[in-house]
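Geometric and topological summary
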Amino acid sequence: MVANLIDGRAIAAQIQLELAARVANLKARGVIPGLAFVRVGEDPASKVYVGRKEKACAELGLVSETHILPEKTSEAELLALIGKLNSAKHIHGILVQAPLPKHISEAKVFSTVLPTKDVDGFHPVNVGKLMLGDESGFKPCTPAGVVELLVRSGVKTDGAEVVVLGRGNIVGKPMAAMLCQKGKGANSTVTICHSATRDIAAHCRRADIIVAALGVAEFLKADMVKPGAVVMDVGVNRVPDATSKTGTKLVGDVDFKNVRPIAGRITPNPGGVGPMTIAMLLQNTVRAAEQFLTN
Ligand code: GUN
């Protein structure tokens, strides 16, 4: 067995330990970090994700509240709730779980959350700060988690050729923006590949680091990976599986079994990037509470 796994669970646990000291410090000063979740509709994956995030808040001693709205909620009703959460003193972070129902504009919703409570890093002000390399903003949790995994695993990003598979607003685009900045855990030469890219395999084969975030089950195959490359798997895809009780199973965007022997380092999935998304959300919320105290 090749000992090349990047253990996201262990690294996330370490971060949560570091955050516990900051939470204790805040509590000593009379502030308990508060995070509000908003979920619209009954998307099964969103229910699971929000459930995991609530549990992580409780374990770290944060206060969380979850607002579950019916699928038919109007955009105006959702914006009104966000307005209330924006002015609630006990709430330092707001997370509106995506995807939202089709009749609601995600862009409008994300830009209504106060930038100082935008622990998802989706508000245009925070997106702009990310592009500018202004560290005062909040960064989106999943790509921030990938950077943290690379740094804490000692992966050299400086001068590295990175391929990001996927150009979504939640992972692909911010991931590329983070890795091309000047600084620690960055300074890379970044290529973004997407559905119109002519020869994705050729790009991947040049890469020292591949971040797979395109949402296609087991897309990255062994013959697309340079020996020794670092592979970070962001994907969560439900596929049929006759051997499981539910008839389905979750797989990433990487053909893990066949890529692992070739990769220098690789994230397992589950147990790689997923726990880091939550750790980064907790970190952003603790920072939002700290900033609330100093402002
Ligand atoms: N849906 C998938 N990933 C995310 C995320 O990081 N934040 C929110 N709000 N929704 C998501």
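Described in the following lines is the structure provided in the data block. On a predicted model such as this, the values are computed, not experimentally measured, just so you know.

Scoring rules and cut-offs
Residues numbered from 1 in each chain as written. Predicted model: local features only at pLDDT ≥ 70, side-chain atom pairs only at ≥ 80, totals over all residues. Heavy atoms only, no water. Helix = DSSP H or I, 4+ residues; strand = E, 2+ residues; numbered from the N terminus. Rg over C-alpha atoms; globule rule 2.2 N^0.38 Å. Buried < 20%, exposed > 50% of the residue type's maximum accessible area, 1.4 Å probe, protein only. Areas by Shrake-Rupley, 256 points an atom, 1.4 Å probe, with all protein chains shown as cover. Pairing = 2+ DSSP bridges. Axes fitted to C-alpha atoms, helices over the stretch in contact; angles between N-to-C directions. Contact = heavy atoms within 4.5 Å. Expected span 1.5 Å × (residues − 1). Near = heavy atom within 4 Å. Polar contact = N/O pair within 3.5 Å; in protein donor to acceptor, adjacent residues only side chain to side chain. Nonpolar A, V, L, I, M, F, W, Y, C, P; charged D, E, K, R; others polar. Parallel < 35°, antiparallel > 145°, perpendicular 65-115°, else oblique. Salt bridge = Lys/Arg side-chain N within 4 Å of Asp/Glu carboxyl O.

1. Re the overall build of the protein
Within the protein, the regular secondary structure consists of ten helices and ten strands. Against the 2.2 N^0.38 benchmark of 19 Å for 295 residues, the protein shows a C-alpha radius of gyration of 19 Å, consistent with a compact globule. The C-alpha extent of the protein, read off along each of the three principal axes, is 55 × 40 × 35 Å. Here the protein holds 295 residues, and the buried ones make up 49% of them. When the accessible surface of the protein is summed, it comes to about 13800 Å², and 58% of that surface belongs to carbon and sulfur atoms.

2. Examining the sheet that holds strand 7 (residues 230–233)
Read from one edge of the open sheet, five strands run 5-4-6-7-10, paired in parallel fashion. Because the sheet does not close on itself, it has two edges, and the strands there are strand 5 (189–193) and strand 10 (265–266). Relative to strand 6 (residues 209–212), strand 4 (residues 161–165) runs parallel, the two being bridged by four bridges. The partner of Val-164 across the bridge, within strand 6, is Val-211.

3. With respect to the sheet that holds strand 2 (residues 63–69)
By way of backbone hydrogen bonds, the strands of a sheet pair with one another, either parallel or antiparallel. Within the open sheet, the three strands sit side by side as 2-1-3. Their pairing is parallel. Each having just a single partner strand, strand 2 and strand 3 (93–96) make up the two edges of the open sheet. Neighbouring strand axes in the sheet, compared pairwise and without regard to direction, differ in orientation by 15° on average. Taken together, the seven bridges between strand 1 (residues 34–40) and strand 2 define a ladder with parallel strand orientation. Looking across to strand 2, one finds that Val-38 is bridged to His-67. Relative to the sheet, helix 2 (residues 44–60) contacts strand 1, strand 2 and strand 3, its axis offset from that of strand 1 by approximately 170°.

4. What to know about the environment of Cys-204
Structurally, Cys-204 can be placed in helix 8 (residues 200–206). Along the sequence, Cys-204 and Ile-82 sit 122 residues apart, while their C-alpha atoms lie 41 Å from each other. Not counting residues within four places of it along the chain, the set of residues in contact with Cys-204 comprises Val-163, Leu-165, Ile-210, Leu-220 and Met-224.

5. What to know about helix 6 (residues 141–152)
Across its twelve residues, helix 6 extends 16 Å between first and last C-alpha, which sits within 8% of the 16 Å expected from 1.5 Å per residue. Among all positions in helix 6, only Cys-141, Thr-142, Pro-143, Ala-144, Gly-145, Val-146, Val-147, Leu-149 and Leu-150 are buried. On its buried face, helix 6 sits against helix 1 (8–28), helix 7 (172–180), strand 6, strand 7 and helix 10 (273–294). Gly-154, located one to two residues past helix 6, shows a positive phi value of around 75°.

6. Topic: the site of the ligand
Around the ligand, the structure places Leu-95, Val-96, Gln-97, Ala-98, Asp-120, Phe-122 and Ile-170. Within the side chain of Gln-97, one N or O atom sits 3.3 Å away from a nitrogen atom of the ligand. At 3.0 Å from a nitrogen atom of the ligand is found a main-chain nitrogen or oxygen belonging to Ala-98. Within the complex, 84% of the 280 Å² of free accessible area of the ligand lies under protein. Looking at side-chain class alone, the shell around the ligand contains five nonpolar, one polar and one charged residues.

7. Let's talk about the side chain of Ser-188
Of note, Ser-188 is situated in the loop between helix 7 and strand 5. Taking relative accessible area as the criterion, Ser-188 reaches 8% and is therefore assigned buried. Looking at Ser-188, its side chain comes within polar contact range of the main-chain oxygen of Thr-157, at 2.8 Å. Residues in contact with Ser-188, not counting those within four places in the same chain, are Thr-157, Gly-159, Ala-160, Val-162, Leu-179 and Cys-180.

8. Details of the packing of helix 1 against helix 6
At a minimum axis separation of 11 Å, helix 1 and helix 6 run at an interaxial angle of 95°. As far as their axial angle goes, helix 6 and helix 1 are roughly perpendicular. Of helix 6, the residues touching helix 1 (which contributes Gly-8, Ile-11, Gln-14, Ile-15 and Glu-18) are Glu-148, Leu-149 and Arg-152. Residue classes in the contact of helix 1 with helix 6 are distributed as three nonpolar, two polar and three charged.

9. Notes on the pattern of salt bridges
Here the structure, examined in full by the defined rule, presents nine salt bridges. Across the salt bridge formed by Arg-39 and Glu-42, the nearest N and O atoms sit 3.7 Å from each other. A residue is classified by how much of its surface remains accessible, and Arg-39, at 9% relative accessible area, is buried. As a salt-bridge pair, Arg-152 and Glu-148 come within 2.7 Å of each other at their nearest N and O atoms. Taken as a pair, Arg-152 and Glu-148 lie in helix 6 at a separation of four residues, close to a single helical turn. Residues joined by salt bridges that share partners form a network here, namely Glu-18, Glu-148 and Arg-152.

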